[in-house]
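# Report on the structure
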Amino acid sequence: MSFNRLTAWNLARCIRKKMDAFVDGSAHGHRGAVDILLTGCEVSLWLAEQFATDLQKALPKLNITSVSSNKLLGLYGQEMPIPAIGYPMSNKTSKLVDAIVIVVSHSGGTFSPLAVSNLFNTGAQVFVVTSEWDSQIGKQLRSMHNEDDHMLLLFNSRVFTTDVGLRPAEPCSVSVAATQQLLTCIFEHICIVVLSNQHYRHASGAVITEHDLRIVERCNQDSVGALEEIVGVDCYGNELSKEQARAEKELRDAGRVWANHILENARAYIMTFIYIVATVVSGYPIASGIAKAAGLTSSTALYFIRFIDALIYFYLPQINVLIIRLVQRRAMRHRMVGRTVVIADIPWVSQAADAFLSKIFAVSYSIAGLNVLSGNPADHFVHRHTHRVVRGSLIVCGRPDGRLSALTSLEASCCLSVNQASSIQSIGSTAESITIGHNPFKLPLSARAIFLDRHRPLFLCEKMLDQIDAESIRKRTKLDLSMGGQSTSRRKRQRAIVALEDPSEHKSTRSNVLPTLVSQDINDLWPGMKKSPSLAFNHDIESISEGKALPETGAKSRSTGGALQDRKLKPSVTPSNNVGKRRSSTALLGAYTNLQKDNAKEESLDCSGRIPLDNLIESAIQERKWTDSVRTLFAHLDKSGSGA
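Only a predicted model underlies this, so the values are computations on that prediction, with no experimental measurement involved.

Attention shifts here to the overall build of the protein. A tally of regular secondary structure across the protein gives 24 helices and twelve strands. Classification of the 644 residues of the protein by burial places 43% in the buried group. Pairs at least 24 apart in sequence give 70% of the contacts found in the protein among residues at least 6 apart. Of the roughly 35100 Å² of accessible surface on the protein, 57% is carried by carbon and sulfur atoms.

Next up, the structure:
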């Protein structure tokens, strides 16, 4: 059994002790009193900041904050404090008495986190998230003793370990993923402790519920399959098939193209060196050699030929770069300079990826060097980096799954930032941008889009959109079939009317997969189509959803304007429960807005005359999930705890 279980038990004891103080009113009453403090340096700090943000949103009445270990050491560990300029924490604004301190340091030996663990070692509420049990901070915490608590002497475990071992020479990659996974488990454990007592829920203002935790845990477990597809190997070390490892192949292909971008100058340098050595030693530059082989003897012409050779020597690096790009079929109009990679994602992901990539190229030669920048596409990415965009800049952006109503506007903001950066052009070329996400819609201005498969269940908002899509497909299918003998112009007019009446339609969207209900509706409309031996209708179901005209085949259809019995439908897709369209983030935003407006007409309106989409989704969930309410009522009635 892992020591993490014992450490989690000790953490739960500290959480209960603090929550009991809130319940009985004995907790510290200072407004700046910190309940849970997370600290670390660089990548560990960025992970701790995301953890503190998530936990603060789940338990809003608790004061949960993350601070750099350097700031804590400067404020509380010096005889003459170092003021934290630009940061609100000070001796007067923040009180760390009785705070639960979680130090995040994967190495377990970084100077400032180690000094902070020693600074707060007077209490028993200091924990560390590190790589292994026997680290410097772990030794420091195990040396603490509390004579008043005999259980603590026996089970004095304050160390959470990722069990990936000490990795002193590795730019943070595996250690980041392991720490993020462990922090996710700690987040769930803290929430479970708080939700286990109704008084704790009220004191912490808990927004998260047991149902939410079940979803988080399921997504956490299902992420293993997603990671297997990304790396191309399962958890047992077996390689996946090409179909299963599609995402891994697309990621490697994109990385291979960018590697060629970065290495083109080094390859051109080698080609230039070979050309100069060969032509100078042999005495036959390419133009002069061709002229001599052709028997050219005119002195005037020879001077001109030598001038051409001089130009070739002068422009040889650029010529070699163009040759390399032509052979590799890459963009020809990118700048012939060192490349800049801009990583756009949420703060901890972009900063961790920035640190990883920049450290990999830290010892590279200048001719194969790389400049790495990062930014938040929903915040400062445009302001910090779009003025630096040139031909050949490399942008990679992580897109949130906008198919979820809570993330739709966020994905729209990210896509807008990428489009704005990619729209800056010079001589017909711009930055090369790649987006990585789950929503299968490629941005028009991006060079490549990599879509990761979904390994989570459909949420209620997605189901509601699927129902709307199914109704839209039925309407358009019946309309196309009913207009089999009509003229093309009349079909277009009818489809335009349906598109105007159907707010869920979007010009740039199309059906991804259609359910068997489409074929069933068509079979109901054409009961005799299977009986005709001369049926020659070979139509893709997807074209029906896009509103394309049905092809007129067969002699009778050409002579009579297209009789329905001479047409045959052969479904080209397998049955699926997902009828959702491939929508852009803007189309998803419009679809959810229309859904909100439609329900606002049926439901009671508030003073503003509209029902927020979040309230709509929450009310639908509450109608289906009432377990928490029943449990609360039972706990209120069963005061004795006997269950009678």
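The backbone phi angle of Asp163 is positive, close to 60°, even though this residue is not glycine. Checked against the element boundaries, Asp163 lands in the loop between strand S5 (159-161) and helix H7 (174-195). With a phi angle near 45°, Ile427 is a residue other than glycine that sits in the positive phi range. Inspection of the secondary structure puts Ile427 in the loop between helix H16 (408-422) and strand S9 (432-437). You can call Ile427 exposed: its relative accessible area is 56%.

Okay, the packing of helix H12 (residues 299-314) against helix H13 (residues 316-328) next. Following both chains from N to C, one finds H12 and H13 inclined at 70°, their axes separated by 4 Å at the closest point. In terms of orientation, H12 and H13 fall into the roughly perpendicular class. Of H13, the residues touching H12 (which contributes Ile312, Tyr313 and Phe314) are Leu316, Pro317, Gln318 and Ile319. When grouped by side-chain class, the residues that make up the contact of H12 with H13 number six nonpolar, one polar and no charged.

Before going further, it helps to spend a moment on the packing of aromatic side chains. Within the structure shown, the criterion is met by four aromatic pairs. Ring plane angle 40° and centroid distance 6.4 Å describe the contact between Phe127 and Phe160, whose orientation is recorded as tilted. Taken together, the positions of Phe127 in strand S4 (residues 126-130) and Phe160 in strand S5 put the pair 33 residues apart, joining distant regions of the chain. Both residues of the pair, Phe127 and Phe160, belong to the buried class.

Bringing the sheet that holds strand S6 (residues 339-344) into the picture now. Reading across from one edge, S7-S6-S8-S9-S10 is the order of the five strands in this open sheet, with parallel pairing throughout. The two strands at the open ends of the sheet, each matched to only one other strand, are strand S7 (370-375) and strand S10 (448-451). Neighbour-to-neighbour, the strand axes of the sheet open up by a mean angle of 15°, direction not taken into account. Packed onto the sheet, helix H14 (residues 347-360) meets S6 and S7 and runs at close to 170° relative to S7.

Across soluble globular proteins, you tend to see nonpolar side chains buried next to one another. Core analysis: the largest hydrophobic core is formed by 42 residues, its most contacted members being Ile15, Leu55 and Ile186. Elements with a minimum of two residues in this core: helix H1 (3-23), strand S1 (36-40), helix H2 (42-58), strand S3 (100-104), S4, H7, helix H8 (198-204) and H14. Ranked by residue count, the leading element in this core is H7, at ten residues. In this structure, Ile186 is in contact with Leu11, Phe51, Val129 and Phe160, ignoring residues within four places of it in sequence. Grouped together as the second largest cluster of nonpolar side chains are 18 residues, Val67, Ala84, Ala99 and Val159 included.

Along the chain, the position of Ser135 falls in the loop between S4 and helix H5 (136-142). A relative accessible area of 5% places Ser135 in the buried class. With sequence-adjacent residues up to four places away left out, Ser135 is seen in contact with Ser107, Gly108 and Thr130.

The end-to-end C-alpha distance of helix H9 (residues 210-231) is 32 Å, a good match for the 32 Å that 22 residues give at a rise of 1.5 Å each. The largest bend in H9 is about 25°, located at Asp222. Those residues of H9 that fall on the buried side of the exposure criterion are Glu210, His211, Leu213, Asn220, Glu228 and Glu229. The first or second residue beyond H9 is Gly232, which carries a positive phi of 80°.

Turning next to H16. Over its 15 residues, H16 runs 21 Å from end to end, which matches the ideal 21 Å to within 8%, given 1.5 Å per residue. Those residues of H16 that fall on the buried side of the exposure criterion are Thr408, Glu411, Ala412, Cys414, Cys415, Ser417, Val418, Ala421 and Ser422.

Before going further, it helps to spend a moment on the side chain of Asp345. The topology assignment puts Asp345 in the loop between S6 and H14. Although Asp345 is buried, it forms no salt bridge, and the closest oppositely charged side chain is Arg399 at an N-O distance of 10 Å. Other than its neighbours up to four places away in sequence, Asp345 contacts Ser350, Gly375, Asn376, Pro377 and Gly398.

Structurally, the position occupied by Ala421 is in helix H16. Looking at Ala421, the relative accessible area reads 0%, which means it is buried. Sequence separation between Ala421 and Arg388 is 33 residues, and the spatial gap between their C-alpha atoms is 9.3 Å.

What follows is about the packing of helix H11 (residues 286-293) against H12. It is at 7 Å that the axes of H11 and H12 come closest, and there the two elements cross at 150°. Between H11 and H12, the angle falls in the class roughly antiparallel. Along the contact surface, H11 presents Ile286, Ala287, Ser288 and Ala291, while H12 presents Ile305, Arg306, Ile308, Asp309 and Ile312. Class assignment of the residues belonging to the contact of H11 with H12 gives a composition of six nonpolar, one polar and two charged.

It is worth spelling out the pairing of strand S2 (residues 64-68) at this point. On a regular strand, one side chain projects to one face of the sheet and the next to the other, so that they alternate. Counting buried positions along S2 yields five of five residues, so the element is predominantly enclosed. The alternating pattern of S2 places Ile64, Ser66 and Ser68 on one face and Thr65 and Val67 on the opposite face, and all of these are buried. In this fold, S1 hands off to H2, which returns the chain to S2; that crossover is right-handed.

Attention now goes to the pairing of S7. Counting buried positions along S7 yields five of six residues, so the element is predominantly enclosed. Strand direction decides the pairing type here: S6 and S7, joined by six bridges, are parallel. In the sheet register, Arg339 faces S7, and the bridge partner there is Leu370.

The rules behind the values
Counting starts from 1 at the beginning of each chain's written sequence and moves along it residue by residue. Whole-chain, interface and lining totals are the exception, using all residues; otherwise, since this is a predicted model, local features are given only for residues with pLDDT of at least 70 and side-chain atom pairs are given and counted only at 80 or more. Where side-chain values are given, they derive from all heavy atoms of the structure, hydrogens and water being excluded. Runs of H or I in DSSP of at least four residues are treated as helices and runs of E of at least two as strands, each being numbered from the N terminus. Summary of the burial criterion: residues with accessible area below 20% of their type's maximum are buried, those above 50% are exposed, and those between are partly exposed, where the area comes from a 1.4 Å probe applied to protein chains only. By definition in these notes, contact holds between two residues if any of their heavy atoms fall within 4.5 Å. For every accessible area listed, the method is Shrake-Rupley and the probe measures 1.4 Å; residues are considered covered only by the protein chains on display. In this analysis an axis means a line fitted to C-alpha atoms, helices contributing only their contacting stretch, and an angle means the value between N-to-C directions, from 0 to 180 degrees. Throughout this description, any angle smaller than 35 degrees is read as roughly parallel, any larger than 145 degrees as roughly antiparallel, any in the 65 to 115 degree range as roughly perpendicular, and the remainder as oblique. Classification used: nonpolar for Ala, Val, Leu, Ile, Met, Phe, Trp, Tyr, Cys and Pro, charged for Asp, Glu, Lys and Arg, polar for all others including Gly. Note on ring pairs: Phe, Tyr and Trp rings are taken, using the six-membered ring of Trp, and paired if centres are within 6.5 Å. Classes follow the plane angle, with under 30 degrees stacked, over 60 edge-to-face and the rest tilted. Only strands joined by at least two bridges in the DSSP assignment are considered to pair. For the purposes of this section, nonpolar cores are sets of buried Ala, Val, Leu, Ile, Met, Phe, Trp, Tyr and Cys residues that join through side-chain atoms within 4.5 Å. For a helix, the expected span equals 1.5 Å multiplied by the residue count minus one. We define the bend at each residue as the angle formed by axes fitted to the 7 residues ending at it and the 7 residues starting at it. Under the convention used here, Asp and Glu are negative, Lys and Arg are positive, and both His and the chain ends fall outside the count. Any Lys or Arg side-chain nitrogen located within 4 Å of an Asp or Glu carboxyl oxygen qualifies as a salt bridge. Seen with its strands pointing away from the viewer, a crossover is right-handed if its path from the first strand over the helix to the second goes clockwise.

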